[in-house]
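# Notes for the structure review
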Amino acid sequence: MIEHYKVYSNNLTDPYRVVIDGVLAVDKKGNPKRFATVMKALSWGQRHLEKKRKDKG
């Protein structure tokens, strides 16, 4: 399941984060992936899940 949430802070340019199946999406350095809009966050999450399912099947 893909969920998004917004981090409330004054200085953030990309305030949205994505949680996929209860796990926060992170980049290669271990930092949370950041997105500028809800739509970008959800579309990235959907593509990530599709790639994951394709690799398993």
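Above this text you will find the structure in question.
Predicted, not measured: the structure shown is a model, and the values here were computed from it.

Before going further, it helps to spend a moment on the overall build of the protein. When helices and strands are counted, the protein shows one helix and three strands. Listing the helices and strands of the protein from first to last along the sequence gives β-β-β-α. Along the first, second and third principal axes, the C-alpha set of the protein runs to 45 × 25 × 15 Å. Per-residue burial over the protein gives 21% buried out of 57 residues. Taking the contacts inside the protein whose residues are at least 6 apart along the sequence as the reference set, 19% of them involve residues at least 24 apart. Within the structure as shown, the protein displays about 4,700 Å² of accessible surface, and the carbon and sulfur contribution to it stands at 50%. Each charge class in the protein can be summarised by its mean position, and for the 13 positive and 6 negative side chains these summaries are 4 Å apart.

With that settled, consider a nonpolar patch on the surface. Together, Tyr5, Leu24 and Val26 make up an exposed nonpolar region whose accessible area comes to about 230 Å². By the element assignment, Val26 lies in the loop between strand E3 (23–24) and helix H1 (38–56). By relative accessible area, which is 44% here, Val26 ends up partly exposed.

Right, let's get into the environment of Gln46. Here Gln46 is to be found in helix H1. The class of Gln46 is partly exposed, set by a relative accessible area of 45%.

Okay, the packing of aromatic side chains next. The tally for this structure, following the rule as stated, stands at one aromatic pair. For the ring pair Phe35 and Trp44, a centre distance of 5.7 Å and an interplane angle of 45° mean the geometry is tilted. Owing to a relative accessible area of 8%, Phe35 belongs among the buried residues under this scheme.

Scoring rules and cut-offs
Residues numbered from 1 in each chain as written. Predicted model: local features only at pLDDT ≥ 70, side-chain atom pairs only at ≥ 80, totals over all residues. Heavy atoms only, no water. Helix = DSSP H or I, 4+ residues; strand = E, 2+ residues; numbered from the N terminus. Buried < 20%, exposed > 50% of the residue type's maximum accessible area, 1.4 Å probe, protein only. Contact = heavy atoms within 4.5 Å. Areas by Shrake-Rupley, 256 points an atom, 1.4 Å probe, with all protein chains shown as cover. Lys, Arg positive; Asp, Glu negative; His and termini not counted. Charge placed at Lys NZ, Arg CZ, Asp CG, Glu CD. Patch = residues over 30% accessible without salt bridge, like charges linked within 9 Å, V, L, I, M, F, W, Y side chains within 5 Å. Salt bridge = Lys/Arg side-chain N within 4 Å of Asp/Glu carboxyl O. Phe/Tyr/Trp six-rings, centres within 6.5 Å; stacked < 30°, edge-to-face > 60°.

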